[in-house]
Amino acid sequence: MPQIELQHVTKYYTNEKRRFAAVDDLSLEIKQGEFVFIIGSSGAGKTTLLRLIANQILPDRGQIRVNDMDITRLKSWRRPSYRRSIGQVWQEAGLIRKKTIGENLALVQHAMGIRPNKIVENTQKALALVGMRAFEHRHPFELSGGQVKMVELARAVICNPPIL
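Student: Could you give an account of the overall build of the protein chain, naming the residues involved and the relevant values?
Tutor: Tallying secondary structure elements over the protein chain gives 5 helices and 4 strands in all. Listing the helices and strands of the protein chain from first to last along the sequence gives β-β-α-β-β-α-α-α-α. Considering only C-alpha atoms, the protein chain reaches an extent of 45 × 35 × 30 Å along its principal axes. Put simply, the protein chain has 164 residues, and 35% of those count as buried. Restricting the contact set of the protein chain to residue pairs at least 6 apart, pairs at least 24 apart contribute 60%. Carbon and sulfur atoms make up 52% of the accessible area of the protein chain, which amounts to about 10300 Å² in all. Each charge sign in the protein chain was given a centre, from 25 positive and 15 negative side chains, and these centres are 5 Å apart.

Here it is in structure tokens:
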């Protein structure tokens, strides 16, 4: 049984001149434990696909199922809970510049309802996992672009999401 399944999914966008499909009649299955790499040229629909799976946007046609749940029919109040089950690292940096790396990671955990006594331990483990343990008390503006990406990866895995 696939963990993620898209069935004939289409997502249209409209610009000032025309309507075009960013994702067109896409069907795919991603089974639990699989690693999938999405590659393609700019404008090929990679980000649209990820946003569809994260339920940040809805398809114009088709169905998306995650763990046998049709996420295209999720009630709006259930979407934030569903999104928290996915660890994401986006192209644009999302760290708060005025907070330390540790504080940034603590905020994510507070939002997820993690007990305060586990937050420090989880933060240290996640940073160690990506080789950034020594940077917990630094601010994002003190890091290189690559180091920021590693911290964002730590943020994505910190609560052990079932989908990364």
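Student: Which residues make up the packing of aromatic side chains, and what are the values?
Tutor: Across all of its chains, the model carries 1 aromatic pair by this definition. Taking the centre distance of 6.3 Å and the plane angle of 45° together, the rings of Tyr-13 and Phe-20 count as tilted. The class for Tyr-13 is partly exposed, based on a relative accessible area of 27%. Note on Phe-20: relative accessible area 28%, which makes it partly exposed. Seen from the ring of Tyr-12, Arg-19 lies directly overhead, with NZ or CZ sitting 3.8 Å from the centre.

Student: Hey, could you go over the pattern of salt bridges for me, with residue numbers and the actual values?
Tutor: Per the counting criterion, the structure on display carries 6 salt bridges. A salt bridge links Glu-29 to Lys-31; the shortest N-O distance between them is 3.5 Å. The exposure class of Glu-29 is partly exposed, given its relative accessible area of 43%.

Student: An account of the side chain of Glu-136 is needed here, citing residue identities and associated values.
Tutor: Looking at the element boundaries, Glu-136 is found in the loop between helix 4 (116–129) and helix 5 (145–157). Judged by relative accessible area, which is 11%, Glu-136 ranks as buried. In terms of polar contacts, Glu-136 uses its side chain to reach the side chain of Arg-133, at 2.8 Å.

Student: Give me the lowdown on the confidence of the model for the protein chain, citing residues and values where you can.
Tutor: Per-residue pLDDT for the protein chain has a mean of 92; in total, 99% of the residues score no lower than 70. Averaged over each element, pLDDT in the protein chain is lowest for helix 2 (residues 79–83) (87) and highest for strand 3 (residues 61–66) (96).

Student: Describe in detail the environment of Ala-134, supporting the description with residues and values.
Tutor: In this fold, Ala-134 is placed in the loop between helix 4 and helix 5. Along the sequence, Ala-134 and Gln-124 sit 10 residues apart, while their C-alpha atoms lie 9.2 Å from each other.

Cut-off values and rules
Residues numbered from 1 in each chain as written. Predicted model: local features only at pLDDT ≥ 70, side-chain atom pairs only at ≥ 80, totals over all residues. Heavy atoms only, no water. Helix = DSSP H or I, 4+ residues; strand = E, 2+ residues; numbered from the N terminus. Buried < 20%, exposed > 50% of the residue type's maximum accessible area, 1.4 Å probe, protein only. Contact = heavy atoms within 4.5 Å. Areas by Shrake-Rupley, 256 points an atom, 1.4 Å probe, with all protein chains shown as cover. Lys, Arg positive; Asp, Glu negative; His and termini not counted. Charge placed at Lys NZ, Arg CZ, Asp CG, Glu CD. Phe/Tyr/Trp six-rings, centres within 6.5 Å; stacked < 30°, edge-to-face > 60°. Lys NZ or Arg CZ within 6 Å of the ring centre and 35° of its normal. Salt bridge = Lys/Arg side-chain N within 4 Å of Asp/Glu carboxyl O. Polar contact = N/O pair within 3.5 Å; in protein donor to acceptor, adjacent residues only side chain to side chain. pLDDT = per-residue confidence, 0-100.

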